[in-house]
Amino acid sequence: MEIVLAKTAGFCFGVKRAVDTVYSEVESGGKIYTFGPIIHNKEVVSDLEKKGVTVIKDIDMIDQLSEGTVIIRSHGVSKGVMTVLENSPLKVVDATCPFVKKIHRIVEEDSTKGKRIVVIGSKNHPEVMAITGWCTGLPATVIENEDEANDFRAGDNEQITVVSQTTFRLAKFKELVEILRQKGYNVDVVNTICSATAERQEEARSIASTVDMMIVIGDSKSSNTQKLYEICSHECKRTLYVQTKDDLVKEPLGSLRRVGITAGASTPKNIIEEVQNYVRINF
Ligand code: F3S
């Protein structure tokens with residue numbers, strides 16, 4: 001049996017950088033906090049907890065802390081949260097992905113110039129919530145779907161800057177921008193979608209179309225893993241969504257010739273290797 005492991009499976013550059021930052025701060029000693037879970041992966045978060053890392057769930061917790069290091073995850077934080085952290089007694093280590101940081105800069109600069117900011121993305125995603133928090137003028141508008149794009153209204157002479165959540169789908173982004181353009185608005189569009197997501201999805205699609213079984217590994221809360229699962233299921237009827245190799249135990253063994261494996265951006269290498277070995281030995 002042949003196993004085809006996607007080259008893009010697992011941590012993207014920004015997630016790897018953030019996770020490595022936490023492990024290296026742990027090595028340096030002292031009390032370590034992450035602002036929110038560092039990634040959507042229970043295994044990694046609990047491993048870090050065992051090493052004494054505490055997740056700060058709410059900005060109000062900061063008042064109660066007098067020392068230690070707080071690490072900002074790849075999704076970034078709003079300017080307001082950044083200010084609270086910087087004014088606290090904690091050492092701040094900013095592991096915001098540089099691609100996300102660039103969006104913060106665009107939003108801050110353009111809103112300061114008086115432009116209206118539109119973010120194409122999911123309202124409740126922490127990355128989007130942080131991006132909108134860099135607006136210095138009018139609050140940003142978040143557009144997630146066609147209805148919201150159709151309902152969007154701005155003044156006749158308003159200049160609008162449109163940015164995107166880094167993991168948004170390019171085709172949908174273009175559709176929503178087109179709706180805004182057709183309304184006659186003066187839109188300056190900055191495509192801030194990260195190519196890592198599109199590349200991972202494209203590779204998963206291509207592998208899934210050639211295998212007897214496709215395995216997608218990732219945490220149940222990871223939206224990019226869910227998306228990968230949808231894409232792969234479309235191409236390969238026998239697509240499995242697993243969090244670790246233990247989820248494969250219930251799977252009936254069969255005579256498979258070719259098995260594909262991919263993983264979401266927050267899946268660590270060791271979990272991918274364990275799944276790969278399990279398949280090699282048992283299928
Ligand atoms: Fe950064 Fe792209 Fe990953 S924006 S966090 S490298 S998906």
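Reading the values: rules and limits
- Residues numbered from 1 in each chain as written.
- Predicted model: local features only at pLDDT ≥ 70, side-chain atom pairs only at ≥ 80, totals over all residues.
- Heavy atoms only, no water.
- Axes fitted to C-alpha atoms, helices over the stretch in contact; angles between N-to-C directions.
- Helix = DSSP H or I, 4+ residues; strand = E, 2+ residues; numbered from the N terminus.
- Parallel < 35°, antiparallel > 145°, perpendicular 65-115°, else oblique.
- Left-handed = near helix turned anticlockwise from the far one by under 90°.
- Contact = heavy atoms within 4.5 Å.
- Nonpolar A, V, L, I, M, F, W, Y, C, P; charged D, E, K, R; others polar.
- 1 Å grid on protein atoms, 1.4 Å probe; cavity = no way out; pocket = protein on both sides within 12 Å on 5 of 7 lines; lining within 4 Å.
- Points joined across faces, edges and corners; volume = space filled by probe spheres on them.
- Near = heavy atom within 4 Å.
- Patch = residues over 30% accessible without salt bridge, like charges linked within 9 Å, V, L, I, M, F, W, Y side chains within 5 Å.
- Areas by Shrake-Rupley, 256 points an atom, 1.4 Å probe, with all protein chains shown as cover.
- Salt bridge = Lys/Arg side-chain N within 4 Å of Asp/Glu carboxyl O.
- Lys, Arg positive; Asp, Glu negative; His and termini not counted.
- Charge placed at Lys NZ, Arg CZ, Asp CG, Glu CD.
- Buried < 20%, exposed > 50% of the residue type's maximum accessible area, 1.4 Å probe, protein only.
- Expected span 1.5 Å × (residues − 1).
- Arc of directions from axis to C-beta.
- Core = buried A, V, L, I, M, F, W, Y, C linked by side-chain atoms within 4.5 Å.
- Pairing = 2+ DSSP bridges.
- Phe/Tyr/Trp six-rings, centres within 6.5 Å; stacked < 30°, edge-to-face > 60°.

Notes on the packing of helix 8 (residues 195-208) against helix 9 (residues 223-235)
So, point 1. The geometry of helix 8 relative to helix 9 is characterised by a closest axis approach of 8 Å and an angle of 30° between their N-to-C directions. Put simply, helix 8 runs roughly parallel to helix 9. Like other packed secondary-structure pairs, helix 8 and helix 9 cross with a definite hand, here right-handed. The residues of helix 9 that touch helix 8, namely those facing Arg 200, Gln 201, Ala 204, Arg 205 and Ala 208, are Asn 224, Lys 227, Leu 228, Ile 231, Cys 232 and Glu 235.
So, point 2. For the contact of helix 8 with helix 9, the per-class residue count stands at five nonpolar, two polar and four charged.

Re the layout of surface pockets
So, point 1. Roughly 970 Å³ of internal volume is contained in the largest pocket.
So, point 2. Breaking the lining of the largest pocket down by element, the ones donating at least two residues are helix 1 (13-28), helix 4 (98-112), helix 7 (170-182), helix 8 and helix 9.
So, point 3. When residues of the lining of the largest pocket are assigned to their parent elements, the largest contribution, seven residues, is made by helix 8.
So, point 4. Class assignment of the residues belonging to the lining of the largest pocket gives a composition of 18 nonpolar, 16 polar and 10 charged.

Focus: the site of the ligand
So, point 1. For the ligand, the full set of nearby residues is Cys 12, Gly 14, Cys 97, Phe 99, Thr 166, Cys 194 and Thr 197.
So, point 2. Class assignment of the residues belonging to the shell around the ligand gives a composition of four nonpolar, three polar and no charged.

Focus on empty space enclosed by the protein
So, point 1. The full count for this structure, using the stated rule, is one cavity of 30 Å³ or more.
So, point 2. The volume enclosed by the largest cavity comes to roughly 40 Å³.
So, point 3. Sorting elements by how many residues they give to the lining of the largest cavity places helix 2 (residues 42-50) first, with three residues.
So, point 4. Tallied by class, the residues present in the lining of the largest cavity amount to six nonpolar, one polar and one charged.

Considerations on a negative patch on the surface
So, point 1. A cluster of acidic side chains, namely Glu 146, Asp 147, Asp 151 and Glu 175, defines a negative patch on the protein surface.
So, point 2. For the negative patch, the element with the highest residue contribution is helix 6 (residues 146-151), accounting for three residues.
So, point 3. By the secondary structure assignment, Asp 151 is in helix 6.
So, point 4. Classification of Asp 151 as exposed rests on a relative accessible area of 57%.

Comments concerning helix 7
So, point 1. Relative to the 18 Å expected for 13 residues at 1.5 Å per residue, helix 7 spans 18 Å between its end C-alpha atoms, a close match to the ideal helical length.
So, point 2. For helix 7, the complete set of buried residues consists of Phe 173, Leu 176, Val 177, Ile 179 and Leu 180. For helix 7, the arc enclosing every buried residue in end-on projection is 150°, short of the 170-degree limit, so these residues lie on one face. Exposed side of helix 7, more than 90 degrees from the buried face: Lys 174 and Gln 182 are the residues found there.

A short note on the nonpolar core
So, point 1. In terms of nonpolar packing, the biggest core is built from 29 residues, with Ile 215, Ile 217, Leu 248, Val 275 and Val 279 touching the most fellow members.
So, point 2. With sequence-adjacent residues up to four places away left out, Ile 215 is seen in contact with Leu 240, Val 242, Leu 248, Val 259, Gly 260, Ile 261, Thr 262, Val 275 and Val 279.
So, point 3. If you look at the next biggest cluster of nonpolar residues, it comprises 24 residues, including Ile 56, Val 107, Ile 117 and Val 142.

With respect to the sheet that holds strand 9 (residues 186-189)
So, point 1. Sheet architecture is open: four strands sit in the order 7-6-8-9, paired in parallel fashion. Looking at the sheet topology across the chains shown, the edges are occupied by strand 7 (141-143) and strand 9. For this sheet, the mean inter-axis angle between neighbouring strands, taken without regard to orientation, is 30°.
So, point 2. Bridge count between strand 6 (residues 116-120) and strand 8 (residues 159-164): five bridges; the pairing is parallel. Residue pairing across strands places Val 119 opposite Val 163, the latter belonging to strand 8.
So, point 3. Against the sheet, helix 4 makes contact with strand 6, strand 8 and strand 9, and its axis sits at roughly 170° relative to strand 8, the strand it touches most.

A short note on the packing of aromatic side chains
So, point 1. Evaluation of the coordinates by the stated rule reveals four aromatic pairs.
So, point 2. Ring centres of Phe 13 and Phe 99 lie 5.8 Å apart, and the angle between their planes is 55°; this geometry places the pair in the tilted category. Of this pair, Phe 13 sits in helix 1 while Phe 99 is found in helix 4, placing the two residues 86 residues apart along the sequence.
So, point 3. Using a relative accessible area of 48% as the deciding quantity, one classes Phe 13 as partly exposed.
So, point 4. Where Tyr 229 meets Tyr 241, the ring centres are 5.5 Å apart and the plane angle is 45°; that geometry is what we call tilted.

What to know about the sheet that holds strand 10 (residues 213-217)
So, point 1. Taken in spatial order, the four strands line up as 1-12-10-11 in an open sheet, and their pairing is parallel. In the strand order of this sheet, the two ends are held by strand 1 (2-5) and strand 11 (239-242), each with one partner. Each strand axis lies, on average, 20° off the axis of its neighbour in the sheet, ignoring direction.
So, point 2. With five bridges connecting them, strand 10 and strand 12 (residues 258-263) associate as parallel partners. Looking at strand 12, one finds that Ile 217 is bridged to Ala 263.
So, point 3. Across the sheet, helix 8 lies against strand 1, strand 10 and strand 12, angled at about 165° from strand 12, the strand it touches most.
So, point 4. Of the strands in this sheet, strand 10, strand 11 and strand 12 are in contact with helix 9, which crosses strand 11 at around 165°.

Scope: geometric values only; no functional claims are made or implied.
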